[in-house]
Amino acid sequence: MAWGNFSRVTEFILLGLSDTRELQVLFFTIFFLAYTMVLLGNLLIIVAVRTDPKLSSPMYFLLCNLSFIDICCTSVTAPRMLVDLLSRRKAIVFEGCIAQLFFLHFAGSSEMFLLTVMAYDRYTAICKPLHYTAIMSRWACWVLVCSCWAGGFLHSITQTLLTIQLPFCGPNAIDSYFCDVQPVIRLACADTYVTEWLMASNSGLISLGCFLVLVSSYTLILVSLRGRLTQGHWKALSTCGSHVVVVTLFFVPCIFIYLRPLCTFPFDKYICVIYTIFSPVMNPLIYTLRNREGNLCLVSITKDKMQRDNLSTVSEFILIGLSDAPQVRFLLFVLFLTIFLATVAGNITILIAVSTDSRLHNPMYFFLGNLSLLDILCPTITVPKMLGALLSENKVISFKGCLFQLFSLIDVVGTEIFLLAVMAYDRYVAVCHPLKYLNIMSMKLCAHLAIGTWVAGFFNSLLHTSLIFTLVFCDSNQVEQYYCDIPPVLGLSCSPTWSRELVILAVAGVLGSGAFVVTLISYLYILLAILSMNSSESRHKAFSTCGSHLTVVCLFYGTTICTYVRPSSTFSPRRDRIVSMLYGILTPLLNPIIYSLRNKEVRCALRRVISQVRSALTGQEHLAQSVASSGAPAAE
C-alpha cells in the first residue's frame, strides 16, 4: 500500500505501568515523592557545590553538572507520567512524543558521556596526582562538559530523525510510560529492520563504548595502585566508590534496553524506571553518604562562634540597607516610595471592589480580598523602616523592634503560602465540580479556611521567632539585609544554631512543600478536567480563572522557597536582598495588576467602582454649584 493512502497518526496512547486504579494511585504517590527527592536532592548538591569553596575541585564541578542533567532527565518523563497516572485518557500528541524522545536521549546520552569524563577525572587524580590540576584545569573541564552536551545533542538528533521519517498509520498504543525509540518505531507501518539496527548501533554502542572506557579507567587505576596503597591513595579510591555505584545503576539498564534490536519485553518499562527515576534519586544520596567532603558540607551548617559566658548581649541591630551613596539612596527612596504607594492603592482598590460589588461576593473573590489584605501588610512591615533609613541614615532597630518585624513578616508570608493553597483548592472545586461548587465552598467553609490560614501562619511565625530570639546575640549586630529576616539574624548568633536551624528547615520545608503539593495536585486535576471539556469557550473561561492564580503562585512560591528552605551557610547578602524584594515588594505590587488585567469580572468591578466615585464627586460638585447659585440672589 502506498504511503499516500495512509492516515497519519496524530497522537499516541501511553499505556503506563498499570491499568489498575489502586496501583495507579500507589505509583503516583511513590513517583511524586521520588521526583520531589530528585529535584530537592540534586538542587541541594548544586547549591552546595556553587557556594562552598571547599568543593571547587574538578570532581565537584562535574558532579554539579551531573546533578543538573539528572534533574533534566527526570523532568522529561516524570511530570507526564504523574499526570497520566491521574487521568483516564493518556494521549500524547505526535509532536509531544517526538519532543520527549529527543530530550530524553539528549539528557541521557549527555549523562553517559559525562560519567565517562568523571571516570577520566578520577584516573587523572589517582594515577597522575602531581599533574592533576594542570590536566583538569577549569578550561579543560568546561571543554569536556560542553563536548558531553554536544555529543548528546548529535546522538539525540540522529535518533529523532531516524524516527520521524517512518510512517505511522495504524496502532498508536505505546506500552510504556514515556516515548522511547524502541516502542515507538514498533508502531511504524514500514519495515524497520534497517532502522532498528542503525539505532541499536547508535544507542547501544554508545552505552557499551562509554561503559568499556569506564571499566578501562578503573582497571588502570587499580593496576597503578597495586601493592602501594598509601593513606592518600585510599582517600582517592574512596572518592571513586560513589562514582562506580552511579555508573552501575545507570549503564547496566541502558545497555540492556538499547543494545538489542528487533525484540522488546513486557518488563522493559520497569527496567526504564531504574535509569529515568531511581538513578537520579540515588545520586544525591550516594554522593553525600559515601563522600566525606560532600557529607560534611551538607550536614554541618554552622559552628559555635564564642562561648556563651563572659559575653555582652546585643540590645539593638544595624540594618545594612541597600546603599550608602546619598544620590543612590535618594533614588531608591523615590522608587520604593512609589512602589509602596502603588501597592497599597492597588490592593485597597481590590478590597473595595470585592466588598462593595455584589457580583464579586463569591468564594474566589473572598479569598482574593484576604490576599490583598496580606499584600498590604507584607510591604508595610518592611518598607516604611527602609524608607526612613534611606532618608535619615538611621539604620538602627531595637532588639524588640527586630523581633516584632521578623514575627510579623513570617506571620504574613506563612499565611499567604497557606492561602494560595486554599485558593488552588477553590479553583479545583470550581472547575472539576461546578454544579456542587456553591454547596462545597459555602461561606461558612470559606470563613473557616481563611481563619485557619491566619491561625496557621501565626503559630508558624511564633515557632520560628521563639527558636531564633531565644539564642544569644553578643558579637556582631549588623544585619545584612534591609529588614530583620531569619537567615541574616540567625547568622549573628553566638550560640550553636545547628539543631534550631534543622527544626526551622524541617518546619518550613514540610509546611511549604505541603502547601505546594496541594496547589500542584489541585492544578493537575484542573488541567485534566479542562482537557476533557468539549467546548473551547469553556476551556478558555476555565483557564482564565486559573491563569492569574498560577502567576501569583509562581512568583511567590519560588522566591519564598529560595529564601527559607535552605541552610544559613548558603546565605548571600546581595542575592538574598534581590530575592526578598521579589516576594516582599514586587509580588504585592503585581497581584492587583495581575488580577485586574487577567480577570474580566475584576476589571468590570473596578470600572463600576471608579464610575461610582466619579458620580459621587460630580454630584457633590453640582450640589455645591446649586448652593452657590441659590445663595447669590439672597445676597443681593
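As a starting point, this report considers the structure included with it.

About the criteria used
- Residues numbered from 1 in each chain as written.
- Predicted model: local features only at pLDDT ≥ 70, side-chain atom pairs only at ≥ 80, totals over all residues.
- Heavy atoms only, no water.
- Pairing = 2+ DSSP bridges.
- Helix = DSSP H or I, 4+ residues; strand = E, 2+ residues; numbered from the N terminus.
- Buried < 20%, exposed > 50% of the residue type's maximum accessible area, 1.4 Å probe, protein only.
- Axes fitted to C-alpha atoms, helices over the stretch in contact; angles between N-to-C directions.
- Parallel < 35°, antiparallel > 145°, perpendicular 65-115°, else oblique.
- Left-handed = near helix turned anticlockwise from the far one by under 90°.
- Contact = heavy atoms within 4.5 Å.
- Salt bridge = Lys/Arg side-chain N within 4 Å of Asp/Glu carboxyl O.

## Quick look at the sheet that holds strand β5 (residues 396–398)
Pairing is mixed across the open sheet formed by 3 strands, whose spatial order is β5-β4-β6. With one partner strand each, in any of the chains shown, β5 and β6 (478–479) form the two edges of the open sheet. Bridging between strand β4 (residues 316–319) and β5 involves 3 bridges; their strand directions are antiparallel. Across the sheet, residue Glu-316 finds its bridge partner in β5, namely Ser-398.

## Some thoughts on the pairing of strand β1 (residues 11–14)
Here β1 shows a buried face lined by Phe-12 and Leu-14 and an unburied face lined by Glu-11 and Ile-13. Bridge count between β1 and strand β2 (residues 91–93): 3 bridges; the pairing is antiparallel. Across the sheet, Ile-13 pairs through a bridge with Ala-91, a residue of β2. Sheet topology note: the β1/strand β3 (residues 173–174) ladder contains 2 bridges and is parallel. Bridge pairing in β3 links Leu-14 to Ile-174.

## Thoughts on the packing of helix α12 (residues 363–392) against helix α15 (residues 443–469)
The contact between α12 and α15 brings their axes to 10 Å, and the two run at 20°. Overall, the two elements α12 and α15 adopt an arrangement that is roughly parallel. In this structure, the crossing between α12 and α15 has a hand that is right-handed. Of the residues in α15, those in contact with Pro-363, Phe-366, Phe-367, Asn-370, Leu-373, Leu-374 and Leu-377 of α12 are Met-443, Cys-446, Ala-447, Leu-449, Ala-450 and Trp-454.

## Some thoughts on the pattern of salt bridges
Tallying each qualifying case throughout the model produces 3 salt bridges. The partner of Asp-121 in a salt bridge is Arg-122, with the nearest N and O atoms 2.8 Å apart. The exposure class assigned to Asp-121 is buried, which follows from its relative accessible area of 1%. Judged by relative accessible area, which is 7%, Arg-122 ranks as buried. A salt bridge links Arg-427 to Asp-426; the nearest nitrogen and oxygen atoms lie 2.9 Å apart. Taking relative accessible area as the criterion, Asp-426 reaches 1% and is therefore assigned buried.

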